[in-house]
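# Understanding the architecture of this molecule
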Amino acid sequence: MRRLRHRSWAMAGLATALAVTVLSAPARPALAATPPSAVLDDAHQSVSWQSPVYAKGTSGGTESCPSAADDPDDKICDRFDVKVSVPEGYWADNPEGGVPISIEWQHPTDDFDLYIYDDAGKQVASSAGTADPEATVIPNASGTYHVLVVPYDVHDNAYTGKAYLPRTTDAGDLTSFAGSDGSYTIEAGQLKARADFLTGGQLRLQADPSGSLTDPAGTAIVREQPALQKHTSSFDAGAYYGIRSPDAVLRVYKKPLRFGLYKADNRTPVWQEDKPLRWSTSGMRQSLARATDEQFFGGGEQNGSFAHRDQTMYVANSFDWNEGGYNNSQPFYLSSAGYGVFRNTFAPGVYDFRSPVRTGQQERRLDAYYFLGDAKKVIGKYTALVGKPFMPPVYGLEPGDSDCYLHNANRGERHTLDALKIADGYTAHDMPLGWMLVNDGYGCGYENLAETAKGLQDHHAQLGLWTQDGIDKLADQVKAGQRVAKLDVAWVGNGYGFALDACDKAKAGIEENSDARGFVWLPVSWAGAQRCGVLWSGDQKLSWDYIRWQIPTYAGATLSGIAYNTGDVGSIYRHDAKMYTRDLQWKAFLPAIMTMDGWASDITTGKAADQQPWLDGEPYTSINRRYLQLKERLLPYMYTLSAEATKTGVGAVRPLWLEYPDDPNTLGAKAKYEFLAGSDFLVAPVYQDSDTRDGIYLPKGTWTDYWTGRTYHGPTTVDGYHAPLDTLPLFVKQGAIVPMWPRGTTSWQTRDRHELDWDLYPKGDSGYTLYEDDGVTRRFTAGASATQRVTVNSSSRFTDVNVGASVGTYEDKPTARSYRFTVHGQTAPKQVLLNGRPLPRDGWSFDTDTGVTTVRTPSLSLDRAFSVRLLR
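Residues numbered from 1 in each chain as written. Predicted model: local features only at pLDDT ≥ 70, side-chain atom pairs only at ≥ 80, totals over all residues. Heavy atoms only, no water.

## Here we look at the sheet that holds strand β26 (residues 349-352)
How we decide: When DSSP finds at least two bridges between two strands, those strands are taken to pair. The helix and strand labels rest on DSSP assignments: H or I over at least four residues marks a helix, E over at least two residues marks a strand, and numbering proceeds from the N terminus. Comment: axis = line fitted to C-alpha atoms, over the contacting stretch for helices; angle = value between 0 and 180 degrees taken between N-to-C directions.
Strands sit in the order β10-β20-β21-β27-β26-β23 across an open sheet of six strands; the sheet is antiparallel. Two strands bound the open sheet, and with one partner strand each, they are β10 (168-170) and β23 (312-315). Looking at each pair of strands side by side, their axes are set apart by 20 degrees on average, direction ignored. Sheet topology note: the strand β20 (residues 278-280)/strand β21 (residues 283-288) ladder contains three bridges and is antiparallel.

## Observations regarding the confidence of the model for the chain
Applied cut-off: The score called pLDDT rates the predictor's confidence residue by residue, from a low of 0 to a high of 100. When checking whether two residues touch, look at their non-hydrogen atoms; a contact exists if any pair is within 4.5 Å.
Of the residues in the chain, 94% reach a pLDDT of 70 or more, and the chain-wide mean stands at 92. Counted against residues more than four places away or in other chains, residues 1-32, with its pLDDT under 50, gives 113 contacts.

## As for the layout of surface pockets
The test is simple: Here a cavity denotes grid points, spaced 1 Å and computed from the protein atoms alone, that fit a 1.4 Å probe unable to get out, and a pocket denotes an open set having protein on both sides within 12 Å along at least 5 of 7 lines; residues with an atom within 4 Å of a point are the lining. Grid points are joined across faces, edges and corners, and a volume is the space filled by probe spheres set on the points. Gly is placed with the polar residues, together with every amino acid not listed as nonpolar (Ala, Val, Leu, Ile, Met, Phe, Trp, Tyr, Cys and Pro) or charged (Asp, Glu, Lys and Arg).
The volume enclosed by the second largest pocket comes to roughly 570 Å³. For the second largest pocket, the lining is made up of 24 residues, of which R633, Y706, R743, D759 and H824 are closest to its centre. Elements supplying a minimum of two residues to the lining of the second largest pocket: α9 (620-633), β48 (755-760), β53 (816-823), β56 (844-847) and β57 (852-856). Here the element with the most residues in the lining of the second largest pocket is α9; it accounts for four residues. Its residues assigned to classes, the lining of the second largest pocket shows seven nonpolar, 10 polar and seven charged.

## A closer look at the packing of aromatic side chains
Pairs of aromatic rings are described using the distance from one ring centre to the other and the angle between the two planes. Heads up, the condition is: Any pair of Phe, Tyr and Trp rings, taking the six-membered ring for Trp, is counted once the centres come within 6.5 Å. Such a pair is stacked with planes under 30 degrees apart, edge-to-face with planes over 60 apart, and tilted for the rest. Per-residue accessibility, obtained with a 1.4 Å probe over protein chains only, is compared with the maximum for each type, and a residue is labelled buried under 20%, exposed over 50%, and partly exposed between these values.
By the definition in use, this model includes 47 aromatic pairs. Between W105 and F112, the ring centres sit 5.9 Å apart and the planes meet at 40 degrees, which makes this aromatic pair tilted. For the pair shown, W105 and F112 are each scored as buried. Each ring, one from Y314 and one from Y326, has its centre 5.9 Å from the other, and the planes form 25 degrees; the classification is stacked.

## With respect to the sheet that holds strand β35 (residues 565-566)
With respect to topology, eight strands assemble into an open sheet ordered β35-β34-β33-β32-β31-β30-β29-β37, the strand pairing being parallel. Edge strands, defined here as strands with exactly one partner in the open sheet, are β35 and β37 (594-596). Pairing analysis gives three bridges linking strand β29 (residues 400-402) to β37, with the strands arranged parallel. By the bridge assignment, S402 is partnered in β37 with M596.

## Here's the deal with the state of the cysteines
Short version of the rule: Throughout, disulfides are identified as pairs of cysteine sulfur atoms within 2.5 Å of each other.
Within this structure, the stated rule accounts for three disulfides. Residue C65 pairs covalently with C77 via a disulfide, S to S 2.0 Å. Between C65 and C77 the disulfide shows an S-S torsion of about -80 degrees. By sign, it is left-handed. On the criterion of sequence distance, the pair formed by C65 in the loop between β2 (46-50) and β3 (78-84) and C77 in the loop between β2 and β3 is long-range, its members being 12 residues apart. Per residue, the accessibility class of C65 equals that of C77, and both read buried. Two residues share a disulfide in this structure: C503 and C532, whose sulfurs sit 2.1 Å from each other. Residues C503 and C532 are joined by a disulfide whose S-S torsion is about 125 degrees; by sign, that bridge is right-handed. One end of the pair, C503, is in helix α6 (residues 496-512); the other, C532, is in the loop between β33 (520-522) and β34 (534-536), and 29 residues separate them in sequence. Among the residues examined, C503 registers a relative accessible area of 0% and is labelled buried. Since its relative accessible area comes to 1%, C532 is described here as buried. Assigning the bonded cysteines of the chain consecutive numbers by sequence position, one obtains the connectivity 1-2, 3-4, 5-6.

## Let's talk about helix α4 (residues 449-458)
To keep things clear, this is the line we draw: This arc is built from the directions going out from the helix axis to the C-beta atoms.
Every buried residue of α4 is listed here: L449, T452, A453, G455 and L456. Viewed along the axis of α4, the buried residues span an arc of 165 degrees, placing them on a single side of the element. Elements that come into contact with the buried residues of α4 comprise α3 (419-428), β30 (435-437), β31 (462-467) and α5 (474-479). Positive phi shows up at H460, right after α4, with a value of about 65 degrees.

## Some points on the pairing of strand β5 (residues 111-118)
Counting buried positions over the eight residues of β5 gives eight, a clear majority of the element. Side chains D111, D113, Y115 and Y117 of β5 all project onto a buried face; the interleaved residues F112, L114, I116 and D118 project onto the opposite face, where all are buried too.

## Description of the environment of T857
One can find T857 in the loop between β57 and β58 (860-861). It is 6.8 Å that separates the C-alpha atoms of T857 and G843, two residues lying 14 residues apart in sequence. Apart from the residues lying within four places of it in its own chain, the contact partners of T857 are S818, Y819, F821 and L834.

## Observations regarding the pairing of strand β24 (residues 329-335)
Burial of β24 is extensive: seven of the seven residues sit out of reach of the surface. On β24, burial covers both faces: S329, P331, Y333 and S335 on one face and Q330, F332 and L334 on the other are all buried. Across four bridges, strand β22 (residues 296-300) lies against β24 in antiparallel orientation. Paired with F297 across the two strands is L334, which belongs to β24. Judged from the four bridges that link them, β24 and strand β25 (residues 339-343) form a sheet pairing that is antiparallel. In the strand pairing of β25, L334 is matched with G340.

## What to know about the environment of A141
Checked against the element boundaries, A141 lands in the loop between β7 (134-139) and β8 (143-153). Judged by relative accessible area, A141 falls into the buried class, the value being 0%. Residues contacting A141, with those up to four places away along its chain left out, are V84, V86, W91, G98 and V99.

## Section: empty space enclosed by the protein
This structure, assessed with the given rule, holds seven cavities of 30 Å³ or more. If you add up the space inside the largest cavity, you get close to 70 Å³. At the level of elements, β13 (191-198), β14 (202-208) and β28 (366-372) are the ones that each hand at least two residues to the lining of the largest cavity.

## Overview of the side chain of E301
Condition: Counted as positive: Lys and Arg. Counted as negative: Asp and Glu. His and the chain ends are not counted at all. Basic side-chain nitrogens of Lys or Arg form a salt bridge, by our definition, when they fall within 4 Å of a carboxyl oxygen of Asp or Glu. Polar contact criterion, stated in full: a pair of N or O atoms within 3.5 Å, where within protein one must be able to donate a hydrogen and the other to accept it, and residues adjacent in sequence count only if both atoms are side-chain atoms.
Here E301 lies in the loop between β22 and β23. Buried charged residue E301 carries no salt bridge. Nearest counter-charge: K587, at 11 Å. Engagement of the side chain of E301 in a polar contact is seen with the side chain of N565, the distance being 3.0 Å. The contact partners of E301, leaving out residues within four places of it in the chain, are G325, Y326, N327, N328, S329, W536, S537, T553, A557, I562 and N565.

Below, the structure is given as structure tokens:
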């Protein structure tokens with residue numbers, strides 16, 4: 001990301017830098033102490049203005065703009081005021097949701113950035129990328145707004161600004177209905193619509209008042225259209241036409257034209273329009289009746305929330321990295337009523353989940369795919385359309401480290417090979433390291449690339465590079481050893497289409513020049529990015545609030561099929577030993593994590609502070625090591641979840657609601673700041689400066705404290721949980737079967753491949769299927785992988801563990817391995833049997849303090865099943 005641009009403006013209130021006097025005419029005087037201005041009201045529907053010519057840019061964000069008094073002729077930054085005067089409630093049912101405003105420059109290769117503030121100096125909208133034009137919307141606009149345009153990177157260039165007040169039109173009565181074999185055309189005057197029933201229980205509904213159905217997104221998001229479900233029929237029910245498919249009935253109401261989707265019985269509504277489609281100058285909305293208890297999720301990454309009932313959700317090009325931001329948003333939402341909908345567009349959208357529900361995109365057309373089923377089925381269908389989550393290399397699930405080594409203005413001049421000294425530190429402190437980004441900075445290049453890649457590989461880590469000036473260099477870089485690519489915000493380019501295209505190309509660039517799996521990180525994305533990259537929530541400053549709001553953010557992203565969403569450990573700009581450790585603890589249970597170095601200062605002293613996990617000394621080093629090694633041991637569990645995500649679309653990090661949709665408490669404050677890792681681990685991070693965690697909600701079932709072995713019977717709320725700095729509140733669901741690598745493992749490459757541990761929490765009957773492959777190549781796509789099924793049956797008299805043969809093969813698969821079982825929550829066994837024969841007493845032990853029985857087996861062939869029985 002261009003940090004010098006996008007990391008400082010979020011903190012700039014600019015209340016003192018912006019003049020608030022409104023002029024009566026938009027004409028630009030030669031010199032002005034106050035900005036030119038215009039009014040948008042019933043008599044003035046639009047306005048445009050012309051900027052001065054800028055010889056050069058600021059190369060900075062809003063902090064590079066002086067006050068209006070110090071820049072009276074707008075030589076450095078440009079200013080324009082817009083007063084919006086509309087009746088109360090004007091925006092309540094307007095598809096665009098506010099005043100669209102844009103700037104278009106004369107030379108599109110240059111870069112102006114757009115920021116808008118209200119009269120109190122609060123930023124209400126922005127557009128800061130490399131798009132032409134830069135465009136945004138002032139939501140629910142009423143009052144005076146101050147437009148600030150920063151000529152970031154320009155060369156004798158100017159721009160034209162535009163803003164307008166959108167008007168609305170509603171669909172009229174049905175005038176035409178026809179179709180068969182899964183595809184139907186509908187008209188209401190000039191409005192033309194088409195309903196296509198698709199295989200897999202999907203419906204695509206398109207509408208356009210121009211009379212022509214278009215598809216601007218083309219194949220960029222939906223790369224292959226599903227086939228038509230031809231087994232459909234239509235009927236005339238008087239007030240509406242019905243279209244019946246095997247899965248649902250679409251009602252097409254006649255007066256006025258409205259749509260309603262019903263289950264196959266044609267009696268149970270899935271969704272029902274309460275008003276006709278409404279369009280405006282550049283937008284269209286759908287209005288739906290809301291069910292009494294209906295809940296809404298999705299929208300991609302929505303910083304600080306995962307459930308959106310009674311909220312307004314935005315999807316757009318946003319560089320607000322903080323709570324309320326939506327830089328990795330997606331035009332998709334999921335309803336607890338049993339459906340989801342994806343808008344096939346790159347246009348920004350506004351989704352109002354009050355009653356009625358009003359969803360709209362800022363384009364004068366509707367192109368929506370509807371999916372039926374429960375939440376997991378809907379996520380699966382949605383990701384089947386836009387792309388299932390990619391399968392990461394195993395080192396991608398290990399910690400990453402990012403910094404700029406060559407030409408680092410923040411840390412002094414260094415060399416790319418200096419990255420190896422940091423890798424030495426990870427090795428010396430027994431901390432896992434999967435990859436390193438060695439040029440993460442502005443103007444930070446690289447040298448000695450092949451030598452750096454080889455040196456990192458000697459530390460069992462892979463080379464990553466940040467991409468500032470293009471992906472055309474990937475071929476040579478990958479051949480030199482690059483295996484990780486991180487995209488810059490500049491790659492948003494001309495809208496989200498470019499960002500998605502860059503993600504696809506970066507992944508392909510690694511795969512076309514090596515046998516490795518593409519592994520890409522990006523900070524701004526759109527629907528479909530789950531198929532090619534890890535998303536992260538951008539660049540924040542450290543605080544306890546920063547830790548708090550990220551928890552529902554990443555869990556909620558899973559509800560849009562985003563399997564890999566994360567944030568910098570300890571943030572990027574500030575460092576505090578305690579907050580860093582607290583942040584690292586819970587992020588160890590995210591699939592992907594990264595430490596960002598070279599940008600932070602100590603939160604107390606203000607001095608530069610790097611952020612490797614050993615630099616704060618004891619007790620922090622030991623605590624950080626403990627959680628990073630635990631993360632490493634759990635990689636078989638997390639890797640299996642990754643393999644499942646490629647099939648189901650459901651990632652590892654889940655809000656409790658996804659697994660317990662019938663429990664209303666999973667939607668409340670009790671469960672907002674915790675999450676499930678898979679279905680077995682419940683993680684309740686400490687996000688305050690406290691050694692006590694209150695309000696830990698445990699849903700139905702029996703839950704075991706990972707550290708103490710104490711059990712809790714849900715549903716229940718745990719208050720006063722003792723959580724000193726070294727303790728992350730962590731619970732395991734009884735019935736869990738958890739595969740782990742041996743103790744002390746710090747790398748997937750150096751692990752003991754001839755031992756596998758199983759952590760068991762017996763309760764009744766349960767099962768688990770382990771997934772394994774070579775971890776790095778793409779041979780798994782041709783079937784080079786293996787699975788191993790484990791079942792546990794527990795009663796008062798015995799616990800049986802049945803381990804099946806490993807089915808399948810991959811390169812360097814071991815032929816045999818020993819096993820270490822840790823069996824929780826039982827009394828001491830009288831005898832342990834292996835394949836029906838007593839295991840020698842030195843082959844098992846019982847810990848009276850923890851109630852854990854440990855069983856060790858000799859090396860056993862992977863071609864044969866075996867059983868372990870604990871008799872009491």
